[in-house]
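# Summary of the model geometry
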Amino acid sequence: MGADLQLTHLLDGLVAAGVGAGVGLPEGTDEIASILRLACELVDGTGRNTPEGVFRMWRVAHLPGLLDPNAAALEWVKAGHRAYDEELERLLTPM
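What you see is a predicted model; the values in this text were computed from it and never measured.

A few words on a nonpolar patch on the surface. A cluster of nonpolar side chains, namely Leu38, Leu42 and Val43, defines an oily patch on the protein surface of about 310 Å² accessible area. Looking at the secondary structure, you find Leu38 in helix 2 (residues 27-43).

Looking now at the packing of aromatic side chains. Evaluated as defined, the whole model comprises one aromatic pair. Both rings, one in Phe55 and one in Trp58, keep their centres 5.9 Å apart while their planes meet at 35°; by these two values the pair is tilted. Of this pair, Phe55 and Trp58 are both found in helix 3 (residues 51-61), three residues apart, which corresponds to roughly one turn of the helix. On the basis of relative accessible area, Phe55 is assigned to the buried category, the value being 0%. Owing to a relative accessible area of 0%, Trp58 belongs among the buried residues under this scheme.

Where a protein is soluble and globular, its nonpolar side chains tend to be buried together. By size, the foremost hydrophobic cluster in this structure holds 16 residues, and its most contacted members are Leu11, Val15 and Leu88. Put simply, the parts of the chain that give this core at least two residues each are helix 1 (3-21), helix 2, helix 3 and helix 5 (75-92). Looking at this core element by element, the count peaks at five residues for helix 2. Ignoring anything within four residues of it in the chain, the contact list for Val15 reads Ile32, Trp58, His81, Tyr84 and Leu88.

Definitions and cut-offs
Residues numbered from 1 in each chain as written. Predicted model: local features only at pLDDT ≥ 70, side-chain atom pairs only at ≥ 80, totals over all residues. Heavy atoms only, no water. Patch = residues over 30% accessible without salt bridge, like charges linked within 9 Å, V, L, I, M, F, W, Y side chains within 5 Å. Areas by Shrake-Rupley, 256 points an atom, 1.4 Å probe, with all protein chains shown as cover. Salt bridge = Lys/Arg side-chain N within 4 Å of Asp/Glu carboxyl O. Helix = DSSP H or I, 4+ residues; strand = E, 2+ residues; numbered from the N terminus. Phe/Tyr/Trp six-rings, centres within 6.5 Å; stacked < 30°, edge-to-face > 60°. Buried < 20%, exposed > 50% of the residue type's maximum accessible area, 1.4 Å probe, protein only. Core = buried A, V, L, I, M, F, W, Y, C linked by side-chain atoms within 4.5 Å. Contact = heavy atoms within 4.5 Å.

Interpretation in functional terms is not warranted from these geometric data alone.
Next up, the structure:
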């Protein structure tokens, strides 16, 4: 219990690290997607916690506060998170 929340924090930290280090796309998001897939398998072999579910939860739990126009985040940080969000959506959600 609580693995889904922990996984969203992991994803948030990975995205922040990639954006902060200036890791470009798709290299950064490919690595993040691989790490997230492995982490989901490690915490829950039943398939209850999926990379897609973690991504969707991260998107609603973490992005709004960062992307809010009144947020203290710098514009390049916001732009980086938007770019990672778009690329992770492509990688982690079925078409």
